[in-house]
Amino acid sequence: MRNIGAFILITGLLFFSTLSFYGKFEFSEASIIKHLPEKVSNQIGAELIAEIDGKTYNTPYAFSLVFTEIFEKKNNSLKKQERWDDVMWEQPETLMLKLLQKNNQSYFAKNNGLGFFLAFVLSIVGGLFMILSQFTRKNTIKKRKAAVYAKKLTSRGLIALIFTAYLITFYVVLYFNPHLMVNQIAITTPIKKLFSNELPSQWFLYGMTYTIIMLIFGIKAILKYRNNSYQIFKTTVVVMFQLIFAFLLVEIMPLFQLPATDLKNAWPLNYDFLFDYNILNLIENGNFGKYIFIWGIILSLVIVPLFTYLFGKRWYCSWVCGCGGLAETFGDEFRHLSNKSLFSWKFERYSIHAVLLFSIIMTVFAGYHTWNEIYHPLESGKEILLGISAYDVRNTYSFLIGSIFAGVIGTGFYPIFGNRVWCRFGCPLAAYMGLIQRFKSRFRITTNGSQCISCGNCSAYCEQGIDVKWYAQRGQDIVRASCVGCGICADVCPRGVLKLENAPIESRKTEMPIQIKKDGKIFLNK
Amino acid sequence: MRNIVIIGNGIAGTTAAREIRKISDDKIYIISAESEYFYSRTALMYIYMKELLFKDTMPYEKSFWKKNKLDLIYDLVERVDFDLKKVYLTELGELKYDELIFACGSTPKDLNNWSSITGVKSLYSIHDLNAIESLTQNIVNAVVVGGGLIGIELVEMLLSRNISVDFIIKDTHFLGNQIPDDDGDFLKDRFSKIKNLKIHYNCQIVEVKNDENNKIQSVTLSNQTIINTKFLGLVIGVEPNINWINNNQLSKQKGILVDDYLKTNLPNVYAIGDCAEIKQEFVQNGRKAIEPLWYTGKKMGEHVAKVINGIKEPYNQGVWFNSAKFFDLIYHAYGTVLSTKSSSIKSFIYTDQQVFLHLQFTAEKQNITGVNAYGLKLRQNQFEKWITQKANIEEVVKHFNLALYEHEFSKPYHKKIVESYNLQFQQNITLESTSWWRKLIKSKL
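Here's what I pulled together on the structure shown here. Computed from a prediction, not measured in an experiment: that's the story for all the values here.

**Notes on the overall build of chain A**
Each helix and strand counted, chain A has 24 helices and eight strands in total. Over its C-alpha trace chain A gives a radius of gyration of 26 Å, about what one expects of a compact globule, namely 24 Å for 526 residues. For chain A, the spread of C-alpha atoms along the principal axes amounts to about 95 × 65 × 40 Å. Looking at chain A residue by residue over its 526 residues, the buried ones come to 54%. Within chain A, contacts between residues at least 6 apart in sequence are counted, and of these 77% link residues at least 24 apart. Total accessible area on chain A is roughly 23400 Å²; 65% of this is exposed by carbon and sulfur atoms. With 55 positive and 35 negative side-chain charges, chain A shows a spacing of 17 Å between the two charge centroids.

Dropping the structure here:
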């Protein structure tokens, strides 16, 4: 059954992937002018029409070569002439995406239901076959650990490297060359139609795919950990948060004239909270927009610290957050790949707090600019603070942290460095909650007296690279800023030594003083 | 500055070294012929099952030893001269000692020398594991003899490779006379549901046949069954690894004899861990002279470090505790649970066929004496407290939630245990109820 499932899954994935090399894009003068911003069509409209009117392009890439050449040539000449007001500042990829979307005559764009079936339904069915095949096998011992070193995919074999390359390519195309995915976006139309008649964007494709992956791998995780109540609960809740808050509500809210917001996304993870376009959008939506803004503040400044105090940062990182949700489901079998060395621990503390600092500074810049946009909209230089443009700061953060770190590296590196690279080395919200968890939280992982046999399972499977056994073999509680409370260490422990608990702060055993009587004197010794 | 030499880098020897280093600046040498770095042999099964790599099983990073000035010697000890106070190594020559600690562990029992046949292997060291790995590459069935803790691990290992296993146990149930019959029957029932596993109780191996190349061919059982196999796991127990010590000066019996300061009969010579045998007059109530357990090795290592540094404290075996894993069941034991019925001890058993709890208490004063738990994890600190303070069984049952160490959102076992106790003993213990929000934030630990 597993092999049949694999075959179906690979067919689905291959179809999905090859859609980038396919298409039938035919342009007419009217459709070109209609789907370009006025300024752009003024600059290059005529030239474009002359070049592409009546022509058929069989791949998005072929079209992009033509368009980019015309676009760049015009922009370069405008810049040379220093006609800054005429320069087209839009990303050509965004313009190309729209043109391609609106002029897609290919078979699967028109029969997007069939396209959806071949790419998504096949992949889902294939994946489910593979998952369920594990439960018809002869061996009925209720095993929770997969033999990760027996499979190349989970032990940095060649297929893992290929998979990483595929994931990285996906993210790079998604963020920076979305026009190459115009067909993949088109086949999500059947689902988009459930909510609105607008054309889906690449973000809809991403959100839908992300949610589907979490649902399928969520099922896998629940079946795998079916004897662990904490894991069942946690997986169900985090998948529900993704499905409802990150996907469904975001699609449904606009139908009620409400601004589409992922209500569980907290600043500083939600880094564009104070950006001008976000705040202006909220303001334009009357009272509800205001409520969402206030909710955002309460979430970041009240709820996050309070819940982290009560439960540790696990309430967010393992139960609510989308990044965490993908890590716990899709990334479940990559946990052991996280680096456990002391050097890694030192590095993570520098990198994650650096990102936190950067996000705070960036928010100050963005907030200053937004304030000016609202209260001094006509002032020139309203985005300049201390001689630096808020746009530059924002864009640098968006690109480096938002796209590369969180997206490309965060997910792309699953098969190489484990499932929590972003969470461990980058996420500023994790840094913020980590400080609270380390110094003022009721959460800890207790160790059961002297029962530890130093087998090393806990450390091996800790996705955050914490050397859990170091604490367990000394009978010390684990209170670490990076612990996301996934609970897997407690699950893989063969002697029941670890337990995630909330209890009064004073009861945390964070130091192990050793009292030794020497010549009748008692002293503390480390 | 003394030369402290420790023969053996297992849990006992390594703990002794670490704990001595915490107190003194003496030179410390740790000798091992098995492995360059200390590793946890309790994790061997996970390496075989491809869940861990060998390096994952090392409790300390490689840089740890240099950082703490602990000299590791990867060599075999040929002999010891107690008069000259020298240890003779096969490759590196002689090493003088001021204090010598034997921590050389145990060796698997092989009463009939079956391990000389290819295909017959015990499971003790990393070398055993590597041999088992190659011996079990393409086999379809295997035989494992020895119904103890290592046996069940070996069985689980083999089953994970879809190898059918015949498990030969000489007693009526698994763990023989170490656990009561009620416990044994529960386990028997659970194990019977495992596919590809056939357990032969009350059975022993009478003959192992090999072919002309000295490779194992078949195994004959005491019930006349003959099983053809290419692998026999010989895990009938371990004994102290002392046969290599040819010196009669050192007082030995089954193990190296030590007093309650872990000192041998020779000055400045100690013995800890599996290879040590506590003299009968110092063995505490309910404990054994030889305890080949990880926990005992660790405790002895901690203790000998104190004694070597002049702290005059006798070794306290403490409240017994142990844990193990039988396939998917975690086993916790605290205190003493008698395996044969006694008039002075009463039992309270709770089971829902998924988990099994066996509490024992004195008949006269109803004081808790011990507990065996299968599939139900228990908090050591709590049970140690109860047993030391001789808590009343009713108090234990009423506050059982303090001892439950299960994951959050688990079944409310403490309620079921009280119900069962009330039913069996016609009592009326009631539980305090907690509000839902208190439970959520667990404001009472």
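**Some points on the interface of chain B and chain A**
Taken together, the contacts link 62 residues of chain B with 63 residues of chain A. Sorting the residues of chain B by area buried against chain A places E51, Y405 and E408 of chain B first, and these three jointly supply 14% of that buried surface. Where chain B touches chain A, the interface holds three salt bridges. E408 of chain B is the partner of R314 of chain A in a salt bridge, and the nearest nitrogen-oxygen pair spans 2.8 Å. Those elements that place two or more of their residues in the side of chain B that touches chain A are α1 (11-23), α3 (63-67), α5 (149-160), α7 (294-308), β21 (321-326), β22 (329-335), α8 (380-388) and α11 (436-441) of chain B. Top contributing element to the side of chain B that touches chain A by residue count: β21 of chain B, with five residues.

**Structural notes on empty space enclosed by the protein**
Following the criterion strictly, the structure yields eight cavities of 30 Å³ or more and no others. Estimated volume of the second largest cavity: approximately 100 Å³. Looking at the lining of the second largest cavity residue by residue, the classes come out as nine nonpolar, three polar and one charged.

**Some details on the sheet that holds strand β11 (residues 164-168) of chain B**
All names here are of chain B. Here five strands make up an open sheet; going across it, the order is β9-β16-β10-β11-β12 and the pairing parallel. Only two strands of the sheet have a single partner each, and these edge strands are β9 (120-121) and β12 (197-200). Pairing geometry for strand β10 (residues 141-145) and β11, over five bridges, is parallel. Residue pairing in the sheet places N141 in a bridge with S164 of β11. On the sheet, α5 packs against β10, β11, β12 and β16 (232-234) and is oriented at approximately 165 degrees with respect to β11.

**Here we look at the packing of aromatic side chains**
A ring pair, where both rings are aromatic, is described by two values, the distance of the centres and the angle of the planes. All names here are of chain A. This structure, assessed with the given rule, holds 72 aromatic pairs over all chains. Between F307 and F311, the aromatic rings sit 5.8 Å apart at their centres with planes inclined by 80 degrees, giving edge-to-face as the arrangement. In this pair, F307 and F311 both sit in helix α14 (residues 286-311), four residues apart, roughly one turn of the helix. Assessed through its relative accessible area of 30%, F307 is described here as partly exposed.

**Looking at the pairing of strand β25 (residues 368-374) of chain B**
Residue and element names in this part refer to chain B. With six of its seven residues buried, β25 lies for the most part within the structure. Direction of pairing for β22 relative to β25: antiparallel, over a ladder of five bridges. Among the inter-strand pairings, H332 is bridged to a residue of β25, identified as A373. In the sheet, strand β24 (residues 356-362) pairs with β25 via six bridges, with the strands oriented antiparallel. Within β25, the position partnered with Q360 by the bridge is G370.

Conventions we followed
- Residues numbered from 1 in each chain as written.
- Chains lettered and ligands numbered in written order.
- Predicted model: local features only at pLDDT ≥ 70, side-chain atom pairs only at ≥ 80, totals over all residues.
- Heavy atoms only, no water.
- Helix = DSSP H or I, 4+ residues; strand = E, 2+ residues; numbered from the N terminus.
- Rg over C-alpha atoms; globule rule 2.2 N^0.38 Å.
- Buried < 20%, exposed > 50% of the residue type's maximum accessible area, 1.4 Å probe, protein only.
- Contact = heavy atoms within 4.5 Å.
- Areas by Shrake-Rupley, 256 points an atom, 1.4 Å probe, with all protein chains shown as cover.
- Lys, Arg positive; Asp, Glu negative; His and termini not counted.
- Charge placed at Lys NZ, Arg CZ, Asp CG, Glu CD.
- Buried area = accessible area lost by both parts, 1.4 Å probe.
- Salt bridge = Lys/Arg side-chain N within 4 Å of Asp/Glu carboxyl O.
- 1 Å grid on protein atoms, 1.4 Å probe; cavity = no way out; pocket = protein on both sides within 12 Å on 5 of 7 lines; lining within 4 Å.
- Points joined across faces, edges and corners; volume = space filled by probe spheres on them.
- Nonpolar A, V, L, I, M, F, W, Y, C, P; charged D, E, K, R; others polar.
- Pairing = 2+ DSSP bridges.
- Axes fitted to C-alpha atoms, helices over the stretch in contact; angles between N-to-C directions.
- Phe/Tyr/Trp six-rings, centres within 6.5 Å; stacked < 30°, edge-to-face > 60°.

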